[in-house]
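# Observations on the three-dimensional arrangement
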Amino acid sequence: MAVLIDPPRVEAHGRRWSHLVSDTSLEELHSFARRVGIPARGFEGDHYDVPEERYAAVVAAGAEPTDARELLRRLVASGLRLQKRRGDKGVARVPGVRMPDGVVVDVDLIRSARDATDRRVFAALVLVHDASGDLAVVRSVWRQEWGAPGGGREPGETVRENAVREVHEETGLLLDPDALRPVGYERFRGVEGEGPWTAGRDLLQLFETHLTSTRPALTSAHDDTSDRRWVTPSELERLCGTTFWWPLVEAVLSPPAG
């Protein structure tokens, strides 16, 4: 059981990078990274990217040097490997999420500027910004929490049609499907039996869009939400900052590093 690092050989952004992983737990990995001063933005869902100039110091702090093949083997064997497409960014792995119906799932939160695999998407949510940067939120009756408007996909719908319909039903806003920008997705793992998420249909698509008006009226004739309002980004964090999905939304709303 150890924190492992491979040689700095991956080239990106004009530098070479190592991968830092734990073959025990993400808690061990995060604790080590904080101790050696690796910033949180370097986390990629199952590893931290470490620039080549930090390699020797990280090894001196206790990371076990190993080659890339052995590092990957031990990461996979640990069960901590987060599978994702090239170019996507792992944000967090959240184990043991208890849903309102009692089902317990593990959820991967993944930042991505590409649409999730269509056949695997069972629901869509939209971060709706107004012209001033405020966001529309609704209170879900089923989840008993605030969040972005959206919901389950109906048979025959495209993912964007799903998003537009759900937002309209929950807020009265009519969105342009072509203006929806994919920003990430949630992947539900370990689900068995009945439910909206099943093996092979396990992704929740997150979109983002910007309106040209400021705080247009929000209305709904449906009873799946009990309230709706516009909030500032800081108010959104106060409402939603303890939810399992917040790290993904926080990553979307955070300004780019640098």
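This text goes with the structure placed above it.
Residues numbered from 1 in each chain as written. Predicted model: local features only at pLDDT ≥ 70, side-chain atom pairs only at ≥ 80, totals over all residues. Heavy atoms only, no water.

### Considerations on the overall build of the chain
We count it as follows: Helix numbering and strand numbering both begin at the N terminus, where a helix is a DSSP run of H or I of at least 4 residues and a strand a DSSP run of E of at least 2. Radius of gyration: over C-alpha atoms. The globule rule applied is 2.2 Å multiplied by the number of residues raised to the 0.38 power. Accessibility here uses a 1.4 Å probe with only protein chains present; expressed as a share of the type maximum, an area under 20% marks a residue as buried, one over 50% as exposed, and anything in between as partly exposed. Any two residues whose heavy atoms approach within 4.5 Å are treated as being in contact. Using the Shrake-Rupley algorithm and a 1.4 Å probe, accessible areas are obtained, with residue cover drawn only from the displayed protein chains. In this tally, Lys and Arg are treated as positive and Asp and Glu as negative; His is ignored, and so are the chain termini. To locate a charge, the coordinates of NZ of Lys, CZ of Arg, CG of Asp or CD of Glu are taken.
When helices and strands are counted, the chain shows 6 helices and 14 strands. Taken over C-alpha atoms, the radius of gyration comes to 20 Å for the chain, in line with the 18 Å a tight globule of 258 residues would show. Seen through its C-alpha atoms, the chain measures out along the principal axes to roughly 60 × 45 × 30 Å. For the chain, with 258 residues in total, the buried portion stands at 47%. Within the chain, contacts between residues separated by at least 24 positions form 66% of all contacts whose residues are at least 6 apart in sequence. Carbon and sulfur atoms form 51% of the exposed surface of the chain, whose accessible area is close to 13,100 Å². Charge-centre separation for the chain: the mean point of 34 positive side chains lies 5 Å from the mean point of 41 negative side chains.

### So, the pattern of salt bridges
Which entries qualify depends on this criterion: Each salt bridge in this description consists of a side-chain nitrogen of Lys or Arg and a carboxyl oxygen of Asp or Glu lying within 4 Å of one another.
A full pass over the atoms with the stated rule returns 23 salt bridges. The closest approach of N and O atoms between arginine 215 and aspartate 134, which form a salt bridge, is 2.9 Å. Here arginine 215 is found in the loop between β13 (203-210) and β14 (225-231), whereas its partner aspartate 134 is found in the loop between β8 (121-129) and β9 (135-140), with 81 residues between them in sequence. Under the relative-accessibility criterion, arginine 215 is labelled partly exposed at 39%. Of the residues examined, aspartate 134 reaches a relative accessible area of 10% and is grouped as buried. Between aspartate 227 and arginine 229 there is a salt bridge; the shortest N-O distance is 3.4 Å. By relative accessible area, aspartate 227 is classed as partly exposed at 29%. Given a relative accessible area of 35%, arginine 229 falls into the partly exposed group. Within the structure, one salt-bridge network assembled from shared partners comprises Glu154, Glu157, Arg165, Glu166 and Glu169.

### Structural notes on the nonpolar core
Just so we agree on the cut-off: Among buried residues, the Ala, Val, Leu, Ile, Met, Phe, Trp, Tyr and Cys ones that are joined through side-chain atoms within 4.5 Å form a nonpolar core.
Counting 29 residues, the largest nonpolar core has Phe188, Leu206 and Leu236 as its most contacted members. Of all the elements in the fold, those that place two or more residues in this core are β6 (89-98), β7 (104-111), β8, β9, β12 (181-189), β13, α5 (233-240) and α6 (246-253). Listed in part, the 21 residues of the second largest apolar core include Ile110, Val121, Leu175 and Leu203.

### Observations regarding the packing of α5 against α6
Definition in use: Interaxial angle, 0 to 180 degrees, is taken between N-to-C directions of lines fitted to C-alpha atoms, where a helix line uses only the stretch in contact. The cut-offs work like this: below 35 degrees is roughly parallel, past 145 is roughly antiparallel, 65 to 115 is roughly perpendicular, and the gaps in between are oblique. Asp, Glu, Lys and Arg are counted as charged, while Ala, Val, Leu, Ile, Met, Phe, Trp, Tyr, Cys and Pro are counted as nonpolar; the rest, among them Gly, fall into the polar class.
For the pair α5 and α6, interaxial distance at closest approach is 11 Å and the crossing angle is 170°. The orientation of α5 with respect to α6, classified from their angle, is roughly antiparallel. Counted together, Leu236, Glu237 and Cys240 of α5 and Trp246, Val249, Glu250 and Leu253 of α6 form the full contact between these two elements. Classifying every residue of the contact of α5 with α6 gives 5 nonpolar, no polar and 2 charged.

### What about the pairing of β12?
As a reminder, the rule being used: At least two bridges found by DSSP between two strands is the condition for calling them paired.
Counting buried positions along β12 gives 7 out of 9 residues, so the element sits mostly inside the fold. Taken together, the 6 bridges between β12 and β13 define a ladder with antiparallel strand orientation. When the bridges of β13 are listed, glutamate 186 appears paired with leucine 204.

### Observations regarding the side chain of serine 25
Basically, it comes down to this: Any N or O atom pair separated by 3.5 Å or less is treated as a polar contact, with the protein-specific requirement of one donor-capable and one acceptor-capable atom, and with residues adjacent in sequence counted only for side-chain atom pairs.
Here serine 25 lies in the loop between β3 (15-22) and α1 (26-36). Using a relative accessible area of 18% as the deciding quantity, one classes serine 25 as buried. Within the local environment of serine 25, its side chain forms a polar contact with the backbone nitrogen of glutamate 28, the two atoms lying 3.0 Å apart.

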